[in-house]
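Commentary on secondary and tertiary structure
What follows is each chain in one-letter form.
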Amino acid sequence: MTHRLIILATASLALAACQSAYPAEPQVGAASSAPAPAFIEAACGGCHAVEPPFLSPNAVAPSFEAIANRPGVTRATIQAWLRSAHNYPEIMDFDLTREHVDEVSDYMITLRHMDYVPVE
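Everything quoted here is computed from the prediction, not taken from an experiment.

Here the focus is the environment of T74. With respect to the helices and strands, T74 occurs in the loop between helix 3 (64–68) and helix 4 (75–83). On the basis of relative accessible area, T74 is assigned to the partly exposed category, the value being 28%.

Turning our attention to the pattern of salt bridges. The tally for this structure, following the rule as stated, stands at two salt bridges. The shortest N-O distance in the salt bridge between R75 and D106 comes to 2.3 Å. Of this pair, R75 sits in helix 4 while D106 is found in helix 5 (residues 98–109), placing the two residues 31 residues apart along the sequence. Between D102 and R83 there is a salt bridge whose closest N-O contact spans 3.1 Å.

Moving on, we get to the packing of helix 4 against helix 5. Relative placement of two packed helices is described by the angle separating their axes and the distance separating the axes. Here helix 4 crosses helix 5 at 140°, and the two axes come no closer than 9 Å. The angle between helix 4 and helix 5 falls in the class oblique. Considering how the two elements wind past one another, helix 4 and helix 5 form a crossing that is right-handed. Of the residues in helix 5, those touching helix 4 at R75, I78, Q79, L82 and R83 are R98, V101, D102, V104, S105, D106, M108 and I109.

Inspection of the secondary structure puts M92 in the loop between helix 4 and helix 5. M92 gets classed as buried once you look at its relative accessible area, which sits at 16%. A sequence separation of 49 residues divides M92 from A43, and the C-alpha atoms of the two residues are 9.8 Å apart.

Another aspect to go through is the nonpolar core. With 19 residues, the main nonpolar core has I40 and F64 as its most contacted residues. Ranked by residues supplied to this core, first place goes to helix 5 with five residues. Residue contacts for F64: discarding those within four places in its chain leaves I40, C44, H48, A49, V50, V104, Y107, M108 and L111.

An ideal rise of 1.5 Å per residue puts 16 Å on 12 residues; helix 5 measures up with 16 Å between its terminal C-alpha atoms. For helix 5, the complete set of buried residues consists of V101, V104, S105, D106, Y107, M108 and I109.

To continue, consider the confidence of the model for the chain. Low pLDDT marks stretches whose predicted atomic positions should not be read closely. Across the chain, the average pLDDT comes to 76, with 68% of residues at or above 70. Least confident of the elements in the chain is helix 1 (residues 2–17), whose mean pLDDT is 39; most confident is helix 3, at 96.

Let us now look at the environment of L111. Inspection of the secondary structure assignment puts L111 in the segment after helix 5. Residue class for L111 comes out buried when judged on its relative accessible area of 3%. Measuring from C-alpha to C-alpha, the distance between L111 and N69 comes to 7.4 Å, with 42 residues separating the pair along the chain.

Rules behind the numbers
Residues numbered from 1 in each chain as written. Predicted model: local features only at pLDDT ≥ 70, side-chain atom pairs only at ≥ 80, totals over all residues. Heavy atoms only, no water. Helix = DSSP H or I, 4+ residues; strand = E, 2+ residues; numbered from the N terminus. Buried < 20%, exposed > 50% of the residue type's maximum accessible area, 1.4 Å probe, protein only. Salt bridge = Lys/Arg side-chain N within 4 Å of Asp/Glu carboxyl O. Axes fitted to C-alpha atoms, helices over the stretch in contact; angles between N-to-C directions. Parallel < 35°, antiparallel > 145°, perpendicular 65-115°, else oblique. Left-handed = near helix turned anticlockwise from the far one by under 90°. Contact = heavy atoms within 4.5 Å. Core = buried A, V, L, I, M, F, W, Y, C linked by side-chain atoms within 4.5 Å. Expected span 1.5 Å × (residues − 1). pLDDT = per-residue confidence, 0-100.

Dropping the structure here:
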């Protein structure tokens, strides 16, 4: 019995160590308070608000929080949109690596929360 507990505890610790910095899909109501990663701030923060208080420098560019809390938005839908550069407005003229797409989508999805109220 003790041997099984040791194996179970070891396996649990190993799995915990392999988890991503961001969950694939957040728990409802688990809005992130972590700052945006440096790449996101540098690449996206010139137009989009990527961190609280979520006031975009460009009035036409929605905040990451607003995007993440749109109905039907998931990590997968964010990734699909970011990987299809033809979706971007002309002003966004840039390409993202697969790793950067993952980084942006992983961060953005942490901004979803159950009590989100759009700012108008």
